[in-house]
Structure formats: structure tokens, C-alpha cells
Amino acid sequence: MSRRKVLLSGGALGAAGALGLATPAWGTDEGPRSVYDTEADPVSAQLLDSGVVPEVNRLLWDWTRNDQPLPAGLPGYLHDFIEKARRLPEWADRAKLETAARFNKSRGIYLNLLNGVGGGMLSTAIPKEAWAVYYSKGGADMEDRVAKTSLLGFAVGALNAYRPDGDCIVQAVKTRLVHAAIRHLLQQSPHWKWGIPISQEDMLVTWHTLPTYAMRKMREWKVPISAADSQAYLHVWQVTAHMLGIRDEYIPATWAAANAQSDQVLPPNMGPTREGVELTDILLGQLAEQTSPGSVSRPLCNALARYLVGDQVADWDGIKREPIWGPLIATAWPALVRFREGLIPLPLVPEAAWVIDEAARQYILFYLTKGKATKIEIPTINRPE
């Protein structure tokens, strides 16, 4: 599948004509599995090999707005890369991005819960991702790692995500450089035995644990979503995929294509690992500590996570079954959704729903607060021994 063929066949897709076909078209030994980031990889490698990363991180610390000029003093090759990487694709639709921003605001409680708890639990059940996180620098300080990851997630969902005063472009470009640095560094680790990390397929797998998973769950919960909102939500994540360095021909052009691609790439890339179980325990421990220290909140967090991702993923992640909270959440959460959407009156909402609701809010607050306390930086080392 060549870029030229995709472009020629995509005329009927309008603004999304440069994006992928309706169904995936690569085999097991070709396509995104063996493709990386030919533009960002040599840039991060040169930064690391020349020892200038600490100074670059210092210079980029205050580069925070989409419209902000780059600071003086950056290496020329890095400056040129960022100036090119920060440009939105020609097929980006400003009207859809604005609609997506309003949708993210109106459905924030669902999206933050699904992208935070749900996406987080799915990611630890992806062996390549769990290994890459665990053995890179971020694996040694998961609170900081989660905070930096959340910066991009909350930037995508912000009202001004891709406006001049937003920061989604900044976070995406910095994340792209971090991915490239991890590719360079992990291959030097004595603990890393899995080839080059973070391929185009790996990035697509992670991408599907966010918008594709979130849309499927909201449909499952019967959250009312208009066609315009649905298309706009897909579009903001299509643009984000491009900004993260995913090639246009691999980005799904429609929800049907996204679901088909997700079904192709997720199952063979998911499963249990020791590292994934350990990371899951840390993540849920952080959530439990945040929601209600010293209480029964960890069982609630376990049950909420299991409800969101299902038994198979939860078993892979080593999440305990909770005989009390499990059935309560399965009953209370759908009722809470229906109440929020005006489909049932307040008296029909179970009392336990409000405890679950508060736990979800505290979890979101935890990530929001931590995300504001740090910035994305290019790593210089792997996980410390």
C-alpha cells in the first residue's frame, strides 16, 4: 500500500482524502509494524549523541503556545524539524476542530474517565507499550510519567486545543521527539530485547485505546452523540495522530475504518506481562491514594477499572475481582449515565452511583493537577538501574 495509491483512491473522502482506506491493507510482515519516524528519529538521535538535550529542554521549557515562536539558541536541525512538524495537515478542518472542542467539554466526564482509567489500563495490557514504559526513564517514576502523558491528553480535549492560544501542537511535537529519543535509548539498554520500540503500528495500537475505545464505550453506554459530534471527535484525533508522526495513509478515515483497524491491530498486540501488572498496580495505587487515603477506595478503583476494560484485560493486568463493588458498578454506572443524559429521574439512580461518580471526579482531578505540575521533556537515560 503506497502513499500514492491511497491518495489516488481517497478522492471520495473529501478533506480526509489523504487518510487511510476503509479497511487495513497490510500484512503481518509489512506496513506500520516495520515503519518508524524517519523525520524525528535522526533529530533526537543527534541531540542525544551531541549531549545538548539538557540545554534543549531548558530552552523549550517555556515554549507552551501553539502560536509561540521557537526560542533562540536551538540547534538549526531541531529548529527546522519543529517548524515543519508544528504545521497542521492540509486536510485539517477548523470547523470540525471547534465542534470537537465543544464535544470534549460536554462529554468530559466520560472522555476523561475512558482515556484516563480505561486507556491507562488498556496500555498496561499491551506488552510492547508496557515494556517501553517500564524500561525507559519514565518507568522509574510513574507519577511523573502519568503526569507527562496526561499533558497531551488534556491538550487534545481542551477548548482551545488547536487554536493559536492552545498547546496541543506543542505537546504533540514534544511527545514526538520523546518517542524518537526512546527509540534511540532503549536499544542501548541491557534489559531491552524487543527490537526498535514505538513503531507506527505501536502508535496506532495506543491511538485506538483512546478515541476508538472511548467512542465504542460511549455507544455501549447509549450516550447520545450526533453525527456531527462523532465526526468532529474522530477528526481531532486524526489531526493529533498526524501531529504525533503517524503517517496519513495509516490514519483511519472513518469510524468504520477505525473499528476495523482496531480489530486488526489490538488483539495480536495485547496480553499479560510482569511489567504491565506492576505498572497497573502503581497506577491504581495512585488513584486509590488520591480518592480516599486509608479507606476501601482501592477495591472501588479495582472494580471501576475492571468494569471499564472487561475481565480479560483486567486479568492480564492483575486487577483483583471485587465481589461487592463489581456488581454495584455494573448496575450504578449505566444508571448514572442515563441520569446525566436526562433519560431517567434522580430517584432511580442508586446511592452507590454517587460514590463512583466522586471517585471518577477525583481521578480526573488527580491527573489534571499532576499534569499542570510538569512539562514534557526529552529523556537522556533509560530506567535507572
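Parameters at a glance
- Residues numbered from 1 in each chain as written.
- Predicted model: local features only at pLDDT ≥ 70, side-chain atom pairs only at ≥ 80, totals over all residues.
- Heavy atoms only, no water.
- Helix = DSSP H or I, 4+ residues; strand = E, 2+ residues; numbered from the N terminus.
- Buried < 20%, exposed > 50% of the residue type's maximum accessible area, 1.4 Å probe, protein only.
- Contact = heavy atoms within 4.5 Å.
- Phe/Tyr/Trp six-rings, centres within 6.5 Å; stacked < 30°, edge-to-face > 60°.
- Lys NZ or Arg CZ within 6 Å of the ring centre and 35° of its normal.
- Core = buried A, V, L, I, M, F, W, Y, C linked by side-chain atoms within 4.5 Å.
- Expected span 1.5 Å × (residues − 1).

Student: I'd like to hear about the overall build of the protein chain, residue by residue, with values.
Tutor: Counting its secondary structure elements, the protein chain contains 17 helices and zero strands. Within the protein chain, buried positions represent 55% of all 385 residues. Sequence-distant contacts in the protein chain: of pairs separated by 6 or more residues, those separated by 24 or more amount to 75%.

Student: Lay out the packing of aromatic side chains in plain terms, naming residues and giving numbers.
Tutor: Per the counting criterion, the structure on display carries nine aromatic pairs. Where Trp192 meets Trp194, the ring centres are 4.9 Å apart and the plane angle is 75°; that geometry is what we call edge-to-face. By way of ring pairs, the aromatic residues Trp131, Tyr134, Tyr135, Trp192 and Trp194 are connected into one cluster. Above the ring of Tyr134, the side-chain terminus of Arg383 is found at 4.0 Å from the ring centroid.

Student: I'd like a description of the nonpolar core, backed by residues and values.
Tutor: Ile82, Tyr162, Met218, Leu308 and Trp333 are the most contacted members of the largest nonpolar core, which has 119 residues in total. At 12 residues, the largest contribution of residues to this core is made by helix α9 (residues 168-186). Beyond its immediate stretch of four places on either side in the chain, Tyr162 contacts Asn66, Leu88, Arg94, Leu97, Cys168, Ile169, Val236, Val239, Thr240 and Met243.

Student: Lay out helix α8 (residues 142-156) in plain terms, naming residues and giving numbers.
Tutor: The end-to-end C-alpha distance of α8 is 21 Å, a good match for the 21 Å that 15 residues give at a rise of 1.5 Å each. Of all the positions in α8, only Met142, Val146, Ala147, Lys148, Ser150, Leu151, Leu152, Ala155 and Val156 are classed as buried.

Student: Lay out the environment of Val355 in plain terms, naming residues and giving numbers.
Tutor: Within the fold, Val355 resides in helix α17 (residues 352-372). In contact with Val355, not counting residues within four places along its chain, are Leu300 and Trp325.

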